Amino acid sequence: MNEKNFQFLRDQIKYSGFGEGLEDALKENLIRQSPGFALQHQATFGRDQTTTSLQFNRSATSDMYFLNSYMVSLKKDQDDQKMNQTFYVGKENNITLKEGYNLMSGRAVNKDLVNKEGKIYNAWLQLDFKQTDNNGNFKTKQYHQNYGFDLKQELAKHPIKELSTEQDRSRLIESLQKGNRQMVTFLDAAGERKGFIEANPQFKNLTVYDQNMHVVGRRQEQSVKQSIEQQASPKKNSKENNIGEPGDDKPSRSKRTKKSKDLSLTH
């Protein structure tokens, strides 16, 4: 067994999101020196379950093995049928297990990619469930930077508590870029309320859910925002129009009344 090859594959498996539980099975298969082998992995995301087959093949010119691809079989909580998708592994443009799960759940993932000329570019990836390739995989749609979706600008349109500090803001953006449906705290007229958001680059906005995972429409969001602004507006106007504030040159009602009485006594 090539020890360096084992260490490389062990780390690749770990950082691709499959953990450390496949280490012994990996070593056993490398010792056997078979032309190729597959390792099985299972994971749970909420109530959804994934079963993944990681495919390894031996080089035709050396004793090195490579992780070429992995096929994810996703069983959604309320679906009877499983969905399958193969993700190919190379030097660049790789997808982790969690990112793969998010893509198969219909969400978009932001990645720095490398084109055929070796240049790096950024794009949002999303599976096209209406089109498949010759291998039965769903094709991938890409939304580049010039498409017009700006995650930071879209977040700024929403009254989200986690945007108030730079650390929480960075964590939120990173989570959304990985394709997660992220829990956030909305600030509204009634105070704070929990909800969920996910990036939606195709429509250049965010998909917003309430705490019960029901989609919140744009009209409802605007209504909440206007309610907050209206609640803050009377307070501001009250301060500006309040009589008798410090620095006000006008006498108070009590002073005017007293002065009026004093004048009446002089006649």
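Before any of the text, the structure's been laid out above.
Draft legend 1. The arrangement of the overall build of the protein in detail. Check the secondary structure of the protein and you find seven helices and 10 strands. Each of the 267 residues in the protein was classed as buried or not, and the buried ones make up 33%. Here the contacts in the protein between residues at least 6 apart in sequence split such that 37% fall between residues at least 24 apart. A total of about 17700 Å² of accessible surface is found on the protein, and carbon and sulfur atoms cover 46% of it.

Draft legend 2. Molecular detail of the sheet that holds strand β6 (residues 120–132). Strand order in this open sheet of three strands is β5-β6-β7, and the pairing throughout is antiparallel. Looking at the sheet topology across the chains shown, the edges are occupied by β5 (109–114) and β7 (138–144). Recorded for the sheet is a direction-independent mean angle of 50° between the axes of neighbouring strands. Where β6 meets β7, seven bridges bridge the pair, whose relative direction is antiparallel. Opposite Q126, over in β7, you have K141 as the bridge partner. In the packing of helix α3 (residues 97–104) onto the sheet, the strands contacted are β5 and β6, and the crossing angle to β6 comes to about 45°.

Draft legend 3. Structural context of the pattern of salt bridges. Following the criterion strictly, the structure yields 11 salt bridges and no others. K157 is the salt-bridge partner of E154, the closest N and O atoms lying 3.0 Å from each other.

Draft legend 4. Looking closely at the nonpolar core. Counting residues in each nonpolar core, the largest one holds 30 residues, and the members touching the most others are I13, L26, L54 and F56. Those elements that provide at least two residues to this core are α1 (3–18), α2 (23–32), β1 (36–45), β2 (48–58), β3 (65–75), α3, β5 and β6. Here this core gets five residues from one element, more than from any other, and that element is β3. Dropping the residues within four chain positions of it, I13 is found in contact with F18, G19, L22, L26, L39, L54 and F56. Of all hydrophobic cores here, the second largest spans 17 residues; its members include Y143, I173, L176 and A199.

Draft legend 5. View of unusual backbone geometry. With a phi angle near 60°, Q33 is a residue other than glycine that sits in the positive phi range. As for its placement among the helices and strands, Q33 is situated in the loop between α2 and β1. Backbone geometry at N93 places phi at a positive 60°, although glycine is not the residue there. Turning to its location among the elements, N93 is positioned in the loop between β4 (83–88) and α3.

The rules behind the values
- Residues numbered from 1 in each chain as written.
- Predicted model: local features only at pLDDT ≥ 70, side-chain atom pairs only at ≥ 80, totals over all residues.
- Heavy atoms only, no water.
- Helix = DSSP H or I, 4+ residues; strand = E, 2+ residues; numbered from the N terminus.
- Buried < 20%, exposed > 50% of the residue type's maximum accessible area, 1.4 Å probe, protein only.
- Contact = heavy atoms within 4.5 Å.
- Areas by Shrake-Rupley, 256 points an atom, 1.4 Å probe, with all protein chains shown as cover.
- Pairing = 2+ DSSP bridges.
- Axes fitted to C-alpha atoms, helices over the stretch in contact; angles between N-to-C directions.
- Salt bridge = Lys/Arg side-chain N within 4 Å of Asp/Glu carboxyl O.
- Core = buried A, V, L, I, M, F, W, Y, C linked by side-chain atoms within 4.5 Å.

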